[in-house]
Structures are given as C-alpha cells and as structure tokens.
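Chain by chain, the residues run as shown.
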Amino acid sequence: MEFKNIILEKEAGTATLTINRVKALNALNKDTLMEIKEAVENVQDDKGIDVLIITGAGNKAFVAGADISYMLNINAMEGREFGLLGQKVMRLLETMDKPVIAAINGFCLGGGCELAMACDFRISSEKGKFGQPEVGLGVTPGFGGTQRLPRIVGTGMAKQLLYTGDMIDAYEALRIGLVNYVVPSENLMDEVKNIAGKITARGQVAVRFCKVAVNEGIQTDIDRAMTVEADLFGICFATEDQKEGMKAFVEKRKPGFTGK
Ligand code: DAK
C-alpha cells in the first residue's frame, strides 16, 4: 500500500501507523485523514493484526492539529466536509474492534488531541504537550473534542481546557487522566509495544468484547449496560478461546489462543 503522509508497519500482531508530515508537525490535512482511514480499514481487515498503535514521526510532535494552512481558505461547505471526514476517521478508530493505543511523542493539539482521544488509551513521553487551542483560531474543535474530552477528564476540566485553549504538559495530562503513563522519550515505543504485546497474548475475542462492552456501556444506563456485559460474557462460552483459556489454567500451562 502506497502512502504519502503516513507509514503503516506490521510486526508480531501489532500494526504501527505513523503520521509522517514532520515539516508541518504532522498536521492533519484532508489527504492525511483519507490515508489514515484507508490504513485503519486495512488493519481492521487483517486477521494477523490484533492491536494498532498510532504515533507521530520525528521527535517534536504527535500531531499539532488539523492543518491550519489547509483550513485557512476553505468555505463553510468544505469546512463541514472536512469536519465530517475527521469525525468519521475518529469514530472508525473508536469503534473498530481491535484496541488502538496512542503513543504521544510531542505536541498533541487540536485535531491531534482529538485523534489521541479516539484511541482506547494514551501513553505519553515526557515531551507530550496537550490542548484544544481551536478557540484561539476562532473555531470550535471539529473532530469530536468537545464530546470526548469531557468523557475522559470530566466536564469542569474539559471546559477549562476548551475555553482557554491552554496547553498542558504530560504530567498534568497524567494528573487529569488524559494519559495513562508518562515515560522517558527514548522508551516510548518500547513501552507501548510492550503493552500491545501483553494484549496480543490474550484471548482476542474477549479483548474485543471488552472494548465493545466499555464503549456501549459508557453511553447507556447501568441496567442496559449490565445486559450488554452479560450477553458478551455468555457468547465467550461459545468460543475456542474460553475452552483453551480455562483448560490451560487447570492444566497449569500458558494458553494457546486462536482468536476463535
Ligand atoms: N497546521 C499546519 N501547519 C502547522 C500546524 C498546524 N496545525 N502546526 C504547526 N505547523 C507548521 C508551522 O506552520 C511550521 O511550518 P513552517 O513555518 O516551518 O513552514 C512548522 O509546522 C513548525 O511549527 P512552528 O515553527 O510553529 O514550531 P514551534 O516549535 O515554534 O511551535 C507549536 C510549535 C505546535 C506550538 C505551533 O506550531 C502551533 O501553535 N501550532 C498550531 C497548533 C494549533 O493551533 N493546533 C490546532 C489546529 S486547529 C472543524 C474541523 C477541524 C477543526 C476544527 C473545526 N470543523 C469542521 C468545525 C480542527 C482544528 C484544529 O486542530
């Protein structure tokens, strides 16, 4: 697959998608969003891949936002289309059944922060810098930031970040729960690949059902959410992974999951 703005690599059950527009701090223009969409669909369809990592090329940025030079001269309809494309890509990541981890290596602003928030969770290097600076450009966030940020950090903190456009560092992002860990820059990819490796060693039907259960449950009432969990738990008992996982436990050996 030929990409101009991203790199897609696959190794040992894990795919890594690197946004590669270093000169523009990996800003997201239309072509880049389309390529991300194509790559994510490819990963979704690849039976050999269980986890997707998203990161930014270079040592300065994850993604510094939607591409301001692209947005400068677009009209309302083009703006709407651009917003819809971005929303579609973020939703695709959020709803694909394989886990997606954001490995944040620098500026993670605007559309970049929205991209990271559409991932299942986020690990940052010490250089991570986060924010939704859109109000300083005269626009609202357009790729789901007003919706995902409050769901992750709570409404008060989200509103402060959205209204001020302030940038926060990796440790503040850790404190408010926007990222799970902060690690030294040189260890970032190893740490994230280590987490991905732990996930790929588990029963993939169960991992994917966990994603569905959390995503579905978080946007419904607790009674309905419990039913979703019970249904998915029940279906696990129709899988080879459940038989193998429990048999391996009883036989005191490591399970050999097949994802079936
Ligand atoms: N877009 C395009 N180019 C960018 C960019 C961006 N977001 N961020 C950085 N660059 C480019 C710079 O223009 C510069 O290019 P050259 O001048 O070298 O050609 C190069 O990357 C290096 O940047 P700097 O020279 O500025 O580097 P510094 O270290 O001095 O500063 C910075 C780094 C990240 C603090 C600064 O570059 C910066 O403030 N960047 C902009 C951050 C930002 O505001 N991000 C949010 C973008 S707005 C919507 C749809 C979408 C959106 C909203 C609404 N609807 C449809 C409703 C999304 C909005 C956004 O994401």
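Heads up: these notes are all about the structure in this document.

Analysis parameters
- Residues numbered from 1 in each chain as written.
- Predicted model: local features only at pLDDT ≥ 70, side-chain atom pairs only at ≥ 80, totals over all residues.
- Heavy atoms only, no water.
- Helix = DSSP H or I, 4+ residues; strand = E, 2+ residues; numbered from the N terminus.
- Rg over C-alpha atoms; globule rule 2.2 N^0.38 Å.
- Buried < 20%, exposed > 50% of the residue type's maximum accessible area, 1.4 Å probe, protein only.
- Contact = heavy atoms within 4.5 Å.
- Pairing = 2+ DSSP bridges.
- Axes fitted to C-alpha atoms, helices over the stretch in contact; angles between N-to-C directions.

**Some words on the overall build of the protein**
Stage number 1. Scanning the protein for helices and strands turns up 11 helices and 10 strands.
Stage number 2. The C-alpha radius of gyration of the protein comes to 19 Å, within 12% of the 18 Å expected for a compact globule of 260 residues.
Stage number 3. For the C-alpha atoms alone, the extent of the protein along its principal axes is close to 60 × 40 × 35 Å.
Stage number 4. By residue count, 45% of the 260 residues in the protein fall in the buried class.
Stage number 5. Counting contacts in the protein only where the partners sit at least 6 residues apart, residues at least 24 apart contribute 69% of the total.

**A few points about the sheet that holds strand S8 (residues 129–131)**
Stage number 1. On the basis of which strands lie adjacent, the open sheet formed by four strands has the order S4-S6-S8-S9 and mixed pairing. What marks the edges here is a single partner per strand, and that holds for strand S4 (61–63) and strand S9 (168–169).
Stage number 2. The sheet contact formed by strand S6 (residues 107–109) and S8 spans three bridges and is parallel. Residue pairing across strands places Phe 107 opposite Lys 129, the latter belonging to S8.
Stage number 3. Lying on the sheet, helix H4 (residues 111–118) is in contact with S4, S6 and S8; it crosses S6 at an angle near 90 degrees.

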